[in-house]
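Chain by chain, the residues:
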Amino acid sequence: MAGPVASVRAWFDERFPLDDLKALAQKKKVPVHHYSYWYFLGGMTLFLFGVQVLTGALLLLYYRPGADEAFESVQFIMTQVQFGWLIRSVHSWSANLLVFMAFAHLFSVLFLRSYRKPRELTWVSGILLLFLMLGFGFSGYLLPWNTLSYFATKVGTEIPAQIPIIGRPVLLFLRGGEDITGSTLTRLYGFHVAILPALATVLIGLHLALIQWFGMSVPPGVEAKWRATPEDRKEIRFFPNFVLRELMAWYVALGLLGALAALFPWGLGVKADPFASAPAGIKPEWYFLFMFQTLKLIPAKVLGMDGEMLGILAFGVVGAVALLLPFLDREKPFKTRRWITGLACVFLGYMAVMTVDGWVAK
Amino acid sequence: MIKVRDSVTCRLGAVIVVAAWLIGNGLIAFAQTKNSCLDCHSNLPEPLGVSVETYGQNIHAQKGLTCAACHGGDASSDDPEKAMSRAAGWKGKIERKQIPELCASCHADAERMKKYNPSLRVDQFQQYKTSVHGMKWAKGDNKVAVCTDCHGVHDLRAPSDPRSKVHPINIATTCSRCHADAEYMKPYGIKTDQFANYEQSVHHDAMVVRGDLSAPTCTTCHGNHGATPPGVANVTNVCSNCHVFQAQLFQTSPHKDAFAAMGFPGCVTCHSNHAIKAPTDEMIGAGPKAVCMNCHTAGDAGSMQAEAMHAQLTNLASAIAASDELLSRAERQGMEVSQPKLQQTQARDALLKARVAVHAFRDSGLKQDTDAGLATTKLTYVAGQKAMQEWRFRRVGLGLSLVLIALTLVGLGFYIRRLEQK
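Residues numbered from 1 in each chain as written. Chains lettered and ligands numbered in written order. Predicted model: local features only at pLDDT ≥ 70, side-chain atom pairs only at ≥ 80, totals over all residues.

1. Here we look at the overall build of chain B
Secondary structure assignment for chain B yields 23 helices and zero strands. In terms of C-alpha radius of gyration, chain B reaches 36 Å, well past the compact-globule figure of 22 Å for 422 residues. In terms of its C-alpha atoms, chain B occupies a principal-axis envelope of roughly 125 × 85 × 50 Å. Looking at the 422 residues of chain B, the share that counts as buried comes to 24%. Sequence separation of at least 24 residues holds for 53% of the intrachain contacts in chain B that already meet a minimum separation of 6. (Helix = DSSP H or I, 4+ residues; strand = E, 2+ residues; numbered from the N terminus. Rg over C-alpha atoms; globule rule 2.2 N^0.38 Å. Buried ≥ 20, exposed ≤ 12 C-beta atoms within 10 Å, placed from the backbone. Contact = placed C-beta atoms within 7 Å.)

Here it is as structure tokens:
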């Protein structure tokens, strides 16, 4: 005689393809080789995004957007709400770790050449997700409405204004007017909690579905070796073996987030005063620092062109190249295009140097 | 046809008349401002030389006056004989004793001065004559300051110009040129340490270091053209121009009559005159730095009051410092304490008010302010303690969480190993 659990399950089986999904999860195998640990980065990024959704939803219970209320509401969260400090600090730290992890995931995929056919769309959706994460970072930065975030947003929104023709409309669209005001705050709040999450949900769904469909990519070198000696091929089941390992990584990330939040709670700063002068050495978040520093160092005129505009154009080209990378890599079948790896190394080094330079610069 | 021609002739005539009028005015203006003296004197060495640059920065030159305005003669003539002819009123070098009256010939003439600056006073010479400088000048003392000693001669600038010798920031230095010169001041038998003392004062610090032009300098207390040493009776009045509340409280204090009876000047008795240092709480009480003990003796009613006031001030100052220290410690640990830190400003305000209230010289006058300050520091201290408790709680919580996470990781590790051994 079937128990109540079996009955419920049978009821679901008739109405939802639960067994098919289980079969799909169990069918998937994860290759085991020297570079397998890089596979954890994507899952880690997903975990941190989940933390953001959860802590962000909790912050929404108390946060009030508006130039007169935002700072005070964050102050209330930090001082009066039970464990409010923990939620906000975890949200802020997790946001930074998420962007770091997304970049690390991107470069690991790039260096392992996992974007090759048939995974081009997985790569494209991943790059778009990275852009979205940067958008989350930019829009969320202003929400506490403190001096640093106010002036960083002011500088940040001035940068696209340099683009000819569309620059000014973009600035007005981002700011909701000429200056950074309460309108900018509510606008960026809308992007941060509604528009960007909606887009991210669709793209993450697509990204995960594509990964599940095509399985994990094996680096070209390992694949060639396995083809020569098929007995060396090693795999583990995605569920539960890989998922349990990933779970261990998530626990480590959770511990790290807790430690960072408890030992270095995210500061509140001083409430933004639009009439005050900008504090010296104003800087954006670290992940925008390499671009900011480049625009600072670039000469006013380069070959008769506006230097800042040229810099923005260059970063636009880098973004477009990154997005279309799988379609530029045309060498077949698995011969590594060394120049892509070389350029990626150069760009990674450039990012690191400029970030450090921007960090230490006064 | 004739009408048309007449009309053209009329218009042409009008144009010629207007042009002639404009050219004529231009020539008159040129003749008025032409200063031929500089043609030669800009090339001569001191003391006869005046560079074009120096003279160009002179306020008189900027207002269109030439050398002839003071020295007489005809500055519009290129002929030195005519320009410096006695017939044209040339006076040559102006004698020092003639300077005040020469300057006054314009600066005491309201009708003339309003053409240049309607808001400029014209009583400087009248004031000068009432000053120590002016009275000695009237008696034939040729060493005392006359207009040009302070204002300059050919490099004379408007007082609002920071390069002017009488700009607030430069006044003390200008006065010190005579008053800090012991040899020069010897015949007058007055001290020459005023500038050295002033340089150590809180007023000099405000004026020169912080650039606060409203801070007092020599002329703020002594006057400028009517410069005179403030006497015993009017010192309080001078200080009270800025320190209003302290002066009002002093007027109600027992010290007012006592000081008057003993012939002591008001504020200066405790604070000194030129070397006014930033006051400290140690100035009041019965301690070694307390000025009260200059008159009072240990154990008398006055010293008891002074000690009581000292205790109230130092109690509040200590309470503020204790809360500051605790809140800073909590802040360094990453705790959010901006609200109690903001509250601390209320306690600081209360201390400031209490320090002003000292000038009534009654311990009861401070109590209201010090009690309010102490009540605030009590709240901020408790807030600091709570922040530190919360910090400790977070550390313990973190430790326990990490232990739990570590145990879970170990468990997961064992579980995976068992799973894969099957």
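The rest of the description comes next.
2. Details of the overall build of chain A
Along chain A, the regular secondary structure elements total 15 helices and four strands. Along the longest, intermediate and shortest principal axes, the C-alpha atoms of chain A span 70 × 60 × 40 Å. Evaluated residue by residue, chain A yields a buried proportion of 29% over its 362 residues. Counting contacts in chain A only where the partners sit at least 6 residues apart, residues at least 24 apart contribute 77% of the total.

3. Notes on the nonpolar core
All names here are of chain A. One finds Leu48, Val90, Leu98, Leu142 and Trp145 to be the most contacted residues of the largest nonpolar core, which totals 54 residues. Counting only elements with at least two residues in this core, the list comes to helix H3 (40-60), helix H4 (70-79), helix H5 (84-111), helix H6 (120-141), helix H7 (147-158), helix H9 (182-214) and helix H11 (238-263). In terms of residue count, H5 provides more of this core than any other element does, 14 residues in total. Residue contacts for Leu98: discarding those within four places in its chain leaves Thr45, Leu48, Phe49, Gln52 and Met133. (Core = buried A, V, L, I, M, F, W, Y, C linked by C-beta atoms within 7 Å.)

4. Notes on the interface of chain A and chain B
Taken together, the contact pairs 19 residues of chain A with 18 residues of chain B. Contributions of two or more residues to the side of chain A that touches chain B are made by H4 and H11 of chain A. For the side of chain A that touches chain B, the element with the most residues is H11(A), which contributes 12 residues.

5. A word on the confidence of the model for chain B
Residues and elements named next belong to chain B. For chain B, the average pLDDT comes to 87, and 91% of its residues sit at 70 or higher. Low pLDDT (under 50) marks residues 24-32, which in the prediction has two contacts with non-local residues, meaning those over four places away or in another chain. With a pTM of 0.71, the predicted complex shows an ipTM of 0.86. (pLDDT = per-residue confidence, 0-100.)

6. Here's the deal with the packing of helix H21 (residues 301-332) of chain B against helix H22 (residues 338-357) of chain B
Residues and elements named next belong to chain B. One way to put it is that H21 packs onto H22 with a least axis distance of 10 Å and a crossing angle of 165 degrees. As judged from the angle between their axes, H21 and H22 are roughly antiparallel. Relative to H22, the crossing made by H21 is left-handed. For the pair H21 and H22, contact is made by Gln312, Leu313, Leu316, Ala317, Ile320, Ser323, Asp324 and Leu327 and by Pro340, Lys341, Gln344, Ala347, Arg348, Ala350, Leu351, Ala354 and Arg355, respectively. Here the residues of the contact of H21 with H22 sort into 10 nonpolar, three polar and four charged. (Axes fitted to C-alpha atoms, helices over the stretch in contact; angles between N-to-C directions. Parallel < 35°, antiparallel > 145°, perpendicular 65-115°, else oblique. Left-handed = near helix turned anticlockwise from the far one by under 90°. Nonpolar A, V, L, I, M, F, W, Y, C, P; charged D, E, K, R; others polar.)

7. Remarks on the environment of Asp193(B)
By secondary structure assignment, the location of Asp193(B) is in the loop between helix H13 (182-185) and helix H14 (194-199). What makes Asp193(B) exposed here is the crowd of 12 C-beta atoms within 10 Å.

8. Here's the deal with unusual backbone geometry
Keep in mind that most residues, glycine aside, have a negative phi and that most peptide bonds are trans. Residue and element names in this part refer to chain A. Between Lys117 and the following residue, Pro118, the backbone shows a cis peptide bond with an omega angle of 10 degrees. By the secondary structure assignment, Pro118 is in the loop between H5 and H6. With a phi angle near 60 degrees, Phe83 is a residue other than glycine that sits in the positive phi range. Residue Phe83 is classed as exposed on the basis of its C-beta count, with 12 C-beta atoms lying within 10 Å.

9. Considering the environment of Ala87(B)
Inspection of the secondary structure puts Ala87(B) in the loop between helix H6 (80-83) and helix H7 (99-107). When the C-alpha positions of Ala87(B) and Ala298(B) are compared, they lie 79 Å apart, and in sequence the two are 211 residues distant.

10. A few points about the environment of Pro220(A)
Residue and element names in this part refer to chain A. Here Pro220 shows up in helix H10 (residues 220-228). Judged by C-beta crowding, with 16 C-beta atoms within 10 Å, Pro220 ranks as partly exposed. Here the alpha-carbon distance between Pro220 and Arg116, two residues 104 residues apart in the chain, equals 9.6 Å.

11. Points about the packing of H21(B) against helix H23 (residues 363-421) of chain B
All names here are of chain B. Put simply, H21 and H23 touch, their axes get as near as 8 Å, and they point 20 degrees apart. Taken together, H21 and H23 sit at an angle that is classed as roughly parallel. As for how H21 packs across H23, the hand of that crossing is left-handed. Among the residues making up the contact of H21 with H23, the classes are represented as 15 nonpolar, 10 polar and two charged.

12. With respect to H22(B)
Residue and element names in this part refer to chain B. The end-to-end C-alpha distance of H22 is 29 Å, a good match for the 28 Å that 20 residues give at a rise of 1.5 Å each. Turning to H22, its buried residues number three or more, namely Pro340, Gln344, Ala347, Ala350, Leu351, Ala354, Arg355 and Ala357. The buried residues of H22 occupy one face: seen down the axis, they fall within an arc of 155 degrees. Along H22, the residues that are exposed and aim more than 90 degrees away from the buried face are Leu342, Thr345 and Leu352. (Expected span 1.5 Å × (residues − 1). Arc of directions from axis to C-beta.)

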